[in-house]
Amino acid sequence: MTALKSPSSAAALPSRTLWLAALAGFAAAALLSLALSPRVQNAVFDGWQRIAPRDLSASDVRIVAIGDESLDVIGSWPWPRRVFATLTQRLTEGGASAIGFDIIFAEPDAVSPSRFSRLYPPDSAAAEAWLGQLGSMDDEFAEAISTAPVVLGRAGVTLGGADPAELSQWATITGKPPAAMPRFPLVQRNLDTLEQRAAGFGLLNGKPDGDGRVRGVPLVLQTGDAVVPGLALELARVALEQQSGADAEITLTPGMLRVGDRAIPVDSEGRMRLHFAEIPQAHVYSAIEILSEDFDLTQLRGKIVIVSLTAEGSPDIVATPLGSEMFGVLVQAQAADAIRRGGWLVRPAWAQVAEWAAGALLAIILLLLAARQTRGRMTWGVLAAAVVILPLASWMLFRFADTLFDPVRPLLLGSGAALAVFGALFREARRERAVLRDAQSRTEGELDAARAIQLGMLPDRAALARLDPRIDISAQLEAAKSVGGDFYDIIPLDKDRVVILIADVTGKGVPAALFMALSKALSRSAMLRSPGDLADTAAMLNAELMRDSGDALGLTMLLCLIDLATGRVEMVNAGHDNPLRITNAGEVIDEPLEGGPPFCIMDYPWPSEHLTLLPGEALVLITDGVTEAQNAHEQLFGTQRTRDALVADQSSAAQMVATLCDAVRAFEAGTDPSDDLTVVAFRYLGANRA
């Protein structure tokens with residue numbers, strides 16, 4: 001995108017039009033941003049998480065996994081409650097500060113003696129009495145729970161659960177709950193004998209985002225009329241109470257949850273957004289490890305321990321920013337660790353305001369660059385700087401402040417406004433060029449005078465052959481009856497550098513011929529006075545030409561500055577046909593140039609473009625009198641025929657020029673030419689020919 005530059009354009013296209021275009025582009029980009037917002041933002045923020053996951057090496061949360069290895073040793077699921085009782089006792093002996101079960105024990109123990117005797121009645125009264133004395137394994141588990149800081153899991157459900165009003169022992173939560181907090185009418189609970197002994201309860205519910213990925217963990221939810229904690233929050237609360245010996249109250253304020261002396265930001269759904277991590281393998285134990293007498297229980301002192309089923313086929317598998325498969329217990333463990341040590345991500349209101357403000361600022365800057373006719377490279381520079389700075393700022397905020405800032409939104413807003421402004425400028429430039437072409441088609445006149453001026457000012461073709469042994473150069477201009485004012489010039493600047501230009505005045509008749517003469521004189525003067533940067537020289541030439549050009553006159557020009565010591569060619573294209581490059585293999589290549597509009601239309605930052613010719617390679621410059629030549633059937637000579645003619649004979653520059661001109665005239669087959677025919681060819685012979 002390039003900011004057009006022209007006093008005449010600024011007058012024809014008022015500032016109000018630019019502002020309206022910018023506003024329309026900004027509004028369209030804003031709507032697009034809002035539509036794409038969740039997906040684009042999540043893609044950016046998930047990418048940052050994958051680049052820099054959180055470090056959990058110092059975490060005091062441990063996981064006891066009931067995996068395939070444990071099931072192979074102890075037996076299939078569900079396990080007897082005596083196993084859980086033993087597991088709980090072992091964890092308690094190890095000094096765990098909180099023990100959470102990511103499992104709901106809703107049914108009585110399947111192998112309790114009472115149930116066994118009903119399924120298999122004893123043959124004798126003595127055996128029946130002995131079984132009755134054994135008691136329930138659920139009672140054993142409950143007894144183990146009663147002496148341990150155990151948090152049992154519950155689940156909010158819509159069907160098949162208990163009335164929340166009948167449940168007790170939820171942690172007390174005060175304050176104003178989040179507005180969009182999930183609500184459940186019923187609760188799936190554990191056996192009453194177990195719940196009576198537990199130190200706390202936490203809901204296991206957690207809904208993924210719309211794309212199926214879990215990015216946050218609900219810390220508080222609602223069941224019935226009660227606000228209740230999630231499993232991770234309740235584990236953190238119980239652990240705090242165990243370690244401090246004092247009650248750890250949970251308090252809600254807008255956007256914030258406090259438990260003890262910790263303040264955790266939550267969103268409108270009561271969720272904490274996690275900075276995810278890979279759980280260290282050393283923090284995960286199998287159940288049979290804990291049950292083994294060889295296990296060092298001191299590893300668990302002061303730790304939060306979460307017990308969960310992780311065997312193959314477990315339904316508790318979720319997708320996270322780090323991957324498509326992660327056991328839910330690993331998410332709960334990270335959430336509990338984040339509550340205790342920090343590790344959440346925040347997206348504060350100021351970040352969203354900053355995104356919109358940055359987008360508006362970028363749009364205004366680009367608009368001002370266009371309105372003040374600033375050079376195009378500065379516009380590109382601002383855009384390039386924004387593309388670098390905004391993602392870098394987003395990354396820095398994520399990495400060092402755990403803050404989520406979307407860099408795509410301001411880039412989209414600024415670019416949308418800029419595209420609309422540049423589109424308005426481009427349409428105006430095309431309109432002005434169309435006006436010039438209409439004037440050209442209406443202006444017919446003194447062609448002989450124009451041809452006389454034109455042909456009399458051209459370089460001597462014989463002198464071109466003696467210009468320098470390092471270059472083979474030739475040119476030919478054949479005037480038409482309806483002449484537009486073609487010309488070319490070859491200007492040596494010093495012992496190594498030569499300017500070769502070809503041009504076409506867009507006007508007609510005597511005015512065009514006079515302007516061609518003026519343009520040629522000013523071109524030579526500008527090249528000799530400013531032999532430095534070709535883009536600056538082109539801008540200076542355009543400024544001088546605009547002072548003397550008529551309203552309907554324009555000038556296309558292709559400037560080539562060749563360094564005969566290196567073969568490097570610097571080019572500026574002002575609305576002209578691209579040069580054709582002929583390689584040593586004989587291939588004809590169109591060299592596409594960015595270029596810009598013709599001279600004398602507006603101020604414009606014509607870019608300087610470069611290529612390097614190898615010894616033996618050539619460039620051919622033409623006017624549109626070649627490609628737009630017509631035959632009796634109004635067919636155009638075109639680009640392909642131009643290439644074919646150049647392929648036919650490449651023995652010398654003179655031969656290439658002659659062959660191309662002859663091919664055009666043969667194609668016209670006697671039809672009156674509609675425009676001047678101008679061809680310039682030069683072949684770089686190499687520095688060693690000096």
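Calculation notes
- Residues numbered from 1 in each chain as written.
- Predicted model: local features only at pLDDT ≥ 70, side-chain atom pairs only at ≥ 80, totals over all residues.
- Heavy atoms only, no water.
- Buried < 20%, exposed > 50% of the residue type's maximum accessible area, 1.4 Å probe, protein only.
- Helix = DSSP H or I, 4+ residues; strand = E, 2+ residues; numbered from the N terminus.
- Arc of directions from axis to C-beta.
- Contact = heavy atoms within 4.5 Å.
- Core = buried A, V, L, I, M, F, W, Y, C linked by side-chain atoms within 4.5 Å.
- Phe/Tyr/Trp six-rings, centres within 6.5 Å; stacked < 30°, edge-to-face > 60°.
- Polar contact = N/O pair within 3.5 Å; in protein donor to acceptor, adjacent residues only side chain to side chain.
- pLDDT = per-residue confidence, 0-100.
- Pairing = 2+ DSSP bridges.
- Axes fitted to C-alpha atoms, helices over the stretch in contact; angles between N-to-C directions.
- Parallel < 35°, antiparallel > 145°, perpendicular 65-115°, else oblique.
- Left-handed = near helix turned anticlockwise from the far one by under 90°.

**Some remarks on helix H7 (residues 137-146)**
Part 1 of the argument: Within H7, burial applies to Met137, Asp138, Phe141, Ala142, Ala144 and Ile145. Buried residues of H7 fall within an arc of 160° about the axis and therefore sit on the same side.
Part 2 of the argument: Looking at the buried residues of H7, the elements they touch are helix H4 (81-93), strand S2 (98-101), strand S3 (150-157) and helix H8 (192-195).

**Focus on unusual backbone geometry**
Part 1 of the argument: Here the residue pair Trp77 and Pro78 is connected by a cis peptide bond, since its omega of 5° sits within 30 degrees of zero.
Part 2 of the argument: Here the phi dihedral of Ala669 falls at roughly 50°; this positive angle occurs in a residue that is not glycine.
Part 3 of the argument: The residue Ala669 is located in the loop between helix H21 (653-668) and strand S29 (677-684) in this model.

**A short note on the side chain of Thr623**
Part 1 of the argument: Structurally, Thr623 can be placed in the loop between strand S28 (618-622) and helix H19 (624-627).
Part 2 of the argument: In contact with Thr623, not counting residues within four places along its chain, are Asp486, Ile502, Ala503, His576, Asp577, Asp676, Leu677 and Thr678.

**Considering the nonpolar core**
Across soluble globular proteins, nonpolar side chains have a tendency to be buried as a group.
Part 1 of the argument: The biggest cluster of nonpolar side chains holds 56 residues, and the ones touching the most others in it are Ile500, Leu555, Met557, Ile562, Phe599 and Phe682.
Part 2 of the argument: If we skip the residues at most four places from it in the chain, Phe599 touches Ala538, Leu541, Asn542, Leu545, Gly554, Leu555, Met557, Ala574 and Trp606.
Part 3 of the argument: Counting 46 residues, the second largest nonpolar core, distinct from the first, contains Leu56, Ala236, Met272 and Ala333.

**Topic: the packing of aromatic side chains**
The geometry of an aromatic ring pair is captured by two quantities: the separation of the ring centres and the angle between the planes.
Part 1 of the argument: By the definition in use, this model includes 16 aromatic pairs.
Part 2 of the argument: Taking the centre distance of 6.4 Å and the plane angle of 65° together, the rings of Trp170 and Phe201 count as edge-to-face. Here Phe201 lies in strand S7 (residues 200-203) and Trp170 lies in the loop between S3 and strand S4 (173-175), a separation of 31 residues in the sequence.
Part 3 of the argument: The buried category is assigned to Trp170, whose relative accessible area is 15%.

**A short note on the side chain of His283**
Part 1 of the argument: Examined against the element boundaries, His283 turns out to sit in the loop between strand S14 (271-274) and strand S15 (284-286).
Part 2 of the argument: Given a relative accessible area of 7%, His283 falls into the buried group.
Part 3 of the argument: In this structure the side chain of His283 is engaged in a polar contact, spanning 3.5 Å, whose partner is the side chain of Arg62.
Part 4 of the argument: Every residue in contact with His283, bar those within four places of it in the chain, is listed here: Leu56, Ser57, Ser59, Val61, Arg62 and Ile63.

**Notes on the confidence of the model for the protein**
Part 1 of the argument: On average, residues of the protein score 87 in pLDDT, and 89% of them are at 70 or above.
Part 2 of the argument: Helix H1 (residues 7-12) is the least confidently modelled element of the protein, averaging 40 in pLDDT, while S2 averages 97, the highest of any element.
Part 3 of the argument: Of the regions scoring below 50 in pLDDT, residues 1-14 engages in 52 contacts with residues more than four places distant in sequence or in other chains.

**A closer look at the sheet that holds S14**
Part 1 of the argument: The sheet built from 3 strands is open, its strands ordered S8-S14-S19 with antiparallel pairing. Edge strands, defined here as strands with exactly one partner in the open sheet, are strand S8 (216-218) and strand S19 (344-345).
Part 2 of the argument: As defined by bridge partners, S8 adjoins S14 across 3 bridges and the pair is classed as antiparallel. The partner of Val217 across the bridge, within S14, is Met272.
Part 3 of the argument: In this fold helix H11 (residues 328-341) packs onto S8, S14 and S19, with an angle of close to 100° to the strand it touches most, S14.

**Some points on the sheet that holds strand S26 (residues 588-590)**
Consider a sheet: its strands pair through backbone hydrogen bonds, and that pairing is either parallel or antiparallel.
Part 1 of the argument: With respect to topology, 5 strands assemble into an open sheet ordered S20-S29-S28-S25-S26, the strand pairing being antiparallel. For this open sheet the edge positions go to strand S20 (471-478) and S26, each flanked by a neighbour on one side alone. Between one strand axis and the next, the sheet turns by 20° as a mean value, whatever way the strands run.
Part 2 of the argument: Two strands pair when backbone bridges link them, and strand S25 (residues 580-582) and S26 are joined in this way by 3 bridges, in the antiparallel orientation. Residue pairing across strands places Ile582 opposite Val588, the latter belonging to S26.
Part 3 of the argument: The strands touched by helix H20 (residues 638-648) are S25, S26 and S28; relative to S26, the strand with the most contacts, the crossing angle is about 145°.
Part 4 of the argument: Across the face of the sheet, H21 comes into contact with S20, S25, S28 and S29 while running at roughly 25° to S20.

**Here's the deal with H20**
Part 1 of the argument: Listing the buried residues of H20 in full gives Gly638, Thr642, Ala645 and Leu646. For H20, the angular spread of the buried residues around the axis is 115°, confining them to a single face. Facing away from the buried side of H20 by over 90 degrees, the exposed positions are Gln640 and Ala648.
Part 2 of the argument: Where H20 is buried, its residues meet S25, S26, S28, H19 and H21.

**Focus: the packing of H4 against H7**
Part 1 of the argument: One way to put it is that H4 packs onto H7 with a least axis distance of 8 Å and a crossing angle of 15°. Classed by the angle they form, the pair H4 and H7 counts as roughly parallel. Handedness of the crossing formed by H4 with H7: left-handed. Contact with H4, carried on its side by Arg81, Arg82, Phe84, Ala85, Thr88 and Gln89, involves Met137, Asp138, Glu140, Phe141, Ala144 and Ile145 of H7 and no other residues of that element.

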